[in-house]
Amino acid sequence: MNDNNVMNALGQRQTFPLHGTDPIRLAMLGMVEGNGHPYSWSAMFNGYDEEQMAACPYAGIPAYLNKEPKATLQIKGARVTHIWTDNPQDAEHVARASRVPHIVERPEDVIGQVDAVIIATDKGHEHVERCRPFIEAGLPVFVDKPLVDNEADLRTFIRWVAEGKPILSSSSMRYCKEYMPFHLSTNNLGQIRFATITTPKSWERYGIHALEGIYPILGPGFQSARNTGSQDRNIVHFKHACGADVVVAAVSDMYGSFGALQLCGTQDHAMVSMKDSFYSFKAQLQAFINYLRTGERPFPFLETVELMKMVIAGIRSRDEGGREVLLEEIQEI
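Report follows, based on the coordinates.

Scanning the protein from N- to C-terminus turns up 12 helices and 13 strands. For the protein, the spread of C-alpha atoms along the three principal axes comes to 55 × 50 × 35 Å. If you take every contact in the protein between residues at least 6 apart in sequence, the share linking residues at least 24 apart comes to 74%. As displayed, the protein has an accessible area near 13,700 Å², and 48% of this comes from carbon and sulfur atoms. Charge centroids of the protein, computed over 32 positive and 40 negative side chains, lie 3 Å from each other.

This paragraph deals with the pairing of strand S2 (residues 78–84). For S2, the tally of buried residues reaches 6 of 7 residues, placing the bulk of the element in the interior. The pairing of S2 with strand S3 (residues 102–103) spans 2 bridges and is parallel. When the sheet's bridge partners are listed, Ile83 is paired in S3 with Ile103. The β-α-β motif built from S2, the intervening helix H6 (residues 88–97) and the parallel element S3 has right-handed crossover chirality.

With that out of the way, let us pick up the sheet that holds strand S1 (residues 24–29). Spatially, 6 strands are ordered S3-S2-S1-S4-S5-S6 in an open sheet, and the strand pairing comes out parallel. The sheet is open, and its two borders are formed by S3 and strand S6 (167–170), each paired with just one other strand. Packing against the sheet, helix H11 (residues 277–294) makes contact with S1, S2, strand S4 (116–119), strand S5 (141–144) and S6, and its axis sits at approximately 130° to S1.

With that settled, the discussion passes to the layout of surface pockets. What the largest pocket holds in volume is close to 620 Å³. Along the walls of the largest pocket sit 27 residues, with Gly60, Tyr64, Phe258, Ser277 and Phe281 positioned nearest its centre. Each residue belonging to the lining of the largest pocket can be placed in one class, and the counts come to 12 nonpolar, 10 polar and 5 charged.

A separate point is the packing of helix H2 (residues 37–46) against H11. The contact between H2 and H11 brings their axes to 10 Å, and the two run at 65°. It follows from the interaxial angle that H2 and H11 lie roughly perpendicular. In this structure, H2 crosses over H11, and the sense of that crossing is right-handed. Contacts between H2 and H11 involve His37, Trp41, Met44 and Phe45 on the former and, on the latter, Phe278, Phe281, Lys282, Gln284, Leu285 and Ile289. For the contact of H2 with H11, the per-class residue count stands at 7 nonpolar, 2 polar and 1 charged.

Moving on to H2. Extensive coverage of H2 is indicated by the burial of 10 of its 10 residues. Along H2, the residues that are buried comprise His37, Pro38, Tyr39, Ser40, Trp41, Ser42, Ala43, Met44, Phe45 and Asn46.

The subject of this paragraph is the side chain of Ser170. Note that Ser170 resides in strand S6. Judged by relative accessible area, Ser170 falls into the buried class, the value being 3%. Not counting the four nearest positions on each side in its chain, Ser170 is found in contact with Phe142, Val143, Asp144, Lys145, Tyr175, Glu212, Gln284 and Phe299.

Rules and cut-offs
Residues numbered from 1 in each chain as written. Predicted model: local features only at pLDDT ≥ 70, side-chain atom pairs only at ≥ 80, totals over all residues. Heavy atoms only, no water. Helix = DSSP H or I, 4+ residues; strand = E, 2+ residues; numbered from the N terminus. Contact = heavy atoms within 4.5 Å. Areas by Shrake-Rupley, 256 points an atom, 1.4 Å probe, with all protein chains shown as cover. Lys, Arg positive; Asp, Glu negative; His and termini not counted. Charge placed at Lys NZ, Arg CZ, Asp CG, Glu CD. Buried < 20%, exposed > 50% of the residue type's maximum accessible area, 1.4 Å probe, protein only. Pairing = 2+ DSSP bridges. Right-handed = clockwise from strand over helix to strand, strands pointing away. Axes fitted to C-alpha atoms, helices over the stretch in contact; angles between N-to-C directions. 1 Å grid on protein atoms, 1.4 Å probe; cavity = no way out; pocket = protein on both sides within 12 Å on 5 of 7 lines; lining within 4 Å. Points joined across faces, edges and corners; volume = space filled by probe spheres on them. Nonpolar A, V, L, I, M, F, W, Y, C, P; charged D, E, K, R; others polar. Parallel < 35°, antiparallel > 145°, perpendicular 65-115°, else oblique. Left-handed = near helix turned anticlockwise from the far one by under 90°.

Structure (structure tokens):
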């Protein structure tokens, strides 16, 4: 398959839809420090035990789960039936808290037992090997953000998708309800000339939250990145084909400013913040279930390719002393 055919294949409809599977059986796989998705994501399918969930090491998870009406908490038509975590003790507690009936000793043990898998870790450099057994087995895979953080792994995922492997990855910030009006239109702002968005933690693991928060607003066309910050304080200036300059800040301890978005146009401006994590996570997971049912992607995989180039360009620029890195330098094939 030549380069053009590979890139064309990325937008094609998949052929795997799970029309007759009800409920869809999911495996929740992997858990790394600083990321409690197996607790919350499993609960969004299975419900949860309030007493057990109260002991979740991520206090924000029971806090936002407890705010949700039980009648509307769960995603219909799918259940997390199997779990594996890097630390076996974590799996035992998640299973009790989020009502997962089966704990497996190895992630590969779910093959033949489930209809799809969720890789619930956010270290991009691990995702090729975490996903490989399931992709080779033909199972649909949802991968937590970021899909990758390096060029070689991006090429591997592009090849898999071009071969028709059902793979989906996103940040929950794509589904942030506070940003949704700007997905529909920014006409009242005039032409966007400048935008900013913020996130705590590292560029490698959390930069994608900020990037995917703003990407559906401006759309494809990001051209270059210049990271003038440091490992703990990433300040990344992106240029977009529409003429907008976008500054993304990922500062390690900036927990009070997660998802603060500013849009500045020729006629008006807007400022808004992400406030409802539960809504974003649930909408993100619902999009995966819809993908499994229909084979229709919620957004083109080419958008994920561009977003991963943005992540990689931010790392490369920082490592090269703030050089402006063109996204076209990062080769897909």
